[in-house]
Amino acid sequence: MGESDRLTKMAFTRTAGRLGLLSCHVCNRLTESAPEAHEGRCSRCGSHLRSRKPDSITRTWALLITGYLLFIPANLLPIMHTNSLFGVQSDTILSGVVYLWTSGSWYLAVIVFIASILIPSAKLVTLTVLVVSVQRCSTWDPLQRTNIYRVLESVGRWSMLDIFVVAMLVALVHLHTLTTIRAGAGAAAFGAVVVVTLLATMAFDPRLIWDPQRARHE
Amino acid sequence: MVTLPVIACHECDLLQRKIALPPRGRARCRRCRAILYRDYPPGSDRALACTIAALMLFLIANAYPIVGLEVQGNRQTASLYDAVRTLWVEGREDVALLVGFTAMLTPAIEISLLIYLLLPLKFNRVTENTVPILRFLQTVRPWSMTEVFVLGVLVAFVKLEHLARVEAGIALWAFGGLIPLLIIASASFDPEELWAKATG
């Protein structure tokens, strides 16, 4: 490794946390913290500052486990019931996708499948992998892991799609003479999965991915 | 107060010197590639204009039906409020709250707070509680899901087409217009300008 490479590596490890600086998440200002303190107040906007998100790993784990548990009823319970002359038909998320596929709207089937099944399950698994990697102080490609986290952050909201679909169907096909659609318990469980996984992503601190990086060069 | 020319990356905590950017340029973290800060065109006119337009479309989007359905001469329309109310009345209060919160309440809060911040700025004044409002906006933003809602309406639309004749209501077009406006408004909103003025 050449001298310039080594210097770059050195500069690369100069983090705010290491120098006792706290970065404000509201206004970006850096504030000096008291020695050994991991909390403080922003010198510009007065926001409460923390070196890292508090109890990030514990909170993310708690929310992830809740997410895994809720994922089961979300997929097994019907998200909507259709009452018609031919009786009551109950749809789960998966049967809704299958219905779209067989009725010829394969492109919508793909969209709903990605938003309602692929994104929530992939999100639970990849976030688990990220938390485990941070707990084990892994140094495996931090840039790649940060990118994965960014993708998780930006796609999570699209899982709400099915909830909105059910809401509109319920409102339109309601107290109709022939057909009525009601929302099922699965919709509530599924909504809870979306909320819990969003909260889990927010609780995770991507800076933890980079912290072992610093230790290795010290 | 002198601003330190140093910034810490929000995603990896690396300290970096701040440099002047070319117009509309963006500074990325050299370690994790996160966007650190960007250059905004001077003045907050574009953000304000888009936010006011967004407010009007938002009111239309909430006041008028989104979709209409016709079965054997019976016409039924549904607005966003109808959707929330029906869910509530039929005993799915949890889902009703979730839909009301993410599709109605948070976008409303987001738009009105932006106007509350930007309008005084236009007259070179800064709202007193700028700090708590900006902080609140940051918290609320991830929960405002207008664009997801619109996709949901479109999926419902196609699903119903198999059953009956469906037509798009005024509110659907308003929602469609709302999305780009909200994107432009938040992309051209420069919090640094606000900080510079708020803290003197």
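Since we're looking at a predicted model, the values are computed, not measured.

A. Layout of helix H1 (residues 45–63) of chain B. All names here are of chain B. Relative to the 27 Å expected for 19 residues at 1.5 Å per residue, H1 spans 27 Å between its end C-alpha atoms, a close match to the ideal helical length. The set of residues buried in H1 consists of Ala-47, Leu-48, Cys-50, Thr-51, Ala-54, Phe-58, Ala-61 and Asn-62. One side of H1 carries all its buried residues, which in axial view fall inside an arc of 160°. In H1, the exposed residues that point more than 90 degrees away from the buried face are Met-56, Leu-59 and Ala-63. Where H1 is buried, its residues contact helix H2 (80–89), helix H3 (93–122) and helix H6 (170–187).

B. How the structure looks around the nonpolar core. Formed by 99 residues in total, the largest nonpolar core has its most connected members in Met-168 of chain A together with Ile-66, Val-99 and Phe-149 of chain B. When residues in this core are grouped by element, the largest group, eleven residues, is from helix H6 (residues 161–172) of chain A. Within the second largest apolar cluster, 21 residues are counted, among which are Cys-24 and Cys-42 of chain A together with Leu-113 and Ile-133 of chain B.

C. Highlighting the interface of chain A and chain B. In this assembly, 70 residues from chain A lie in contact with 66 residues from chain B. Between chain A and chain B the total buried area reaches about 6200 Å² when both faces are included, carbon and sulfur atoms providing 68% of it. For Glu-11 of chain B, the salt bridge identified is with Arg-150 of chain A, shortest N-O distance 2.6 Å. On the surface where chain A and chain B come into contact, there are 13 residue pairs in polar contact (both at pLDDT 80 or more). Here the residues of the side of chain A that touches chain B sort into 43 nonpolar, 19 polar and eight charged.

D. How the structure looks around the sheet that holds strand E6 (residues 87–91) of chain A. All names here are of chain A. Reading across the sheet, the three strands line up as E6-E5-E7 and stay open at both edges, with antiparallel pairing between neighbours. Each edge of the open sheet is held by one strand with a lone partner, namely E6 and strand E7 (180–183). For this sheet the average axis-to-axis angle between neighbouring strands, irrespective of direction, equals 20°. Sitting on the sheet, H6 touches strand E5 (80–84) and E7, and the angle it makes with E7 is about 140°.

E. Focus on the pattern of salt bridges. In this structure the tally under the stated criterion is twelve salt bridges over all chains. Here Glu-167 of chain B ties to Arg-165 of chain B by a salt bridge, and the two come within 3.5 Å at their closest N and O atoms.

Criteria and cut-off values
Residues numbered from 1 in each chain as written. Chains lettered and ligands numbered in written order. Predicted model: local features only at pLDDT ≥ 70, side-chain atom pairs only at ≥ 80, totals over all residues. Heavy atoms only, no water. Helix = DSSP H or I, 4+ residues; strand = E, 2+ residues; numbered from the N terminus. Expected span 1.5 Å × (residues − 1). Buried < 20%, exposed > 50% of the residue type's maximum accessible area, 1.4 Å probe, protein only. Arc of directions from axis to C-beta. Contact = heavy atoms within 4.5 Å. Core = buried A, V, L, I, M, F, W, Y, C linked by side-chain atoms within 4.5 Å. Buried area = accessible area lost by both parts, 1.4 Å probe. Salt bridge = Lys/Arg side-chain N within 4 Å of Asp/Glu carboxyl O. Polar contact = N/O pair within 3.5 Å; in protein donor to acceptor, adjacent residues only side chain to side chain. Nonpolar A, V, L, I, M, F, W, Y, C, P; charged D, E, K, R; others polar. Pairing = 2+ DSSP bridges. Axes fitted to C-alpha atoms, helices over the stretch in contact; angles between N-to-C directions.

As far as function goes, none of this settles anything; it's purely spatial.
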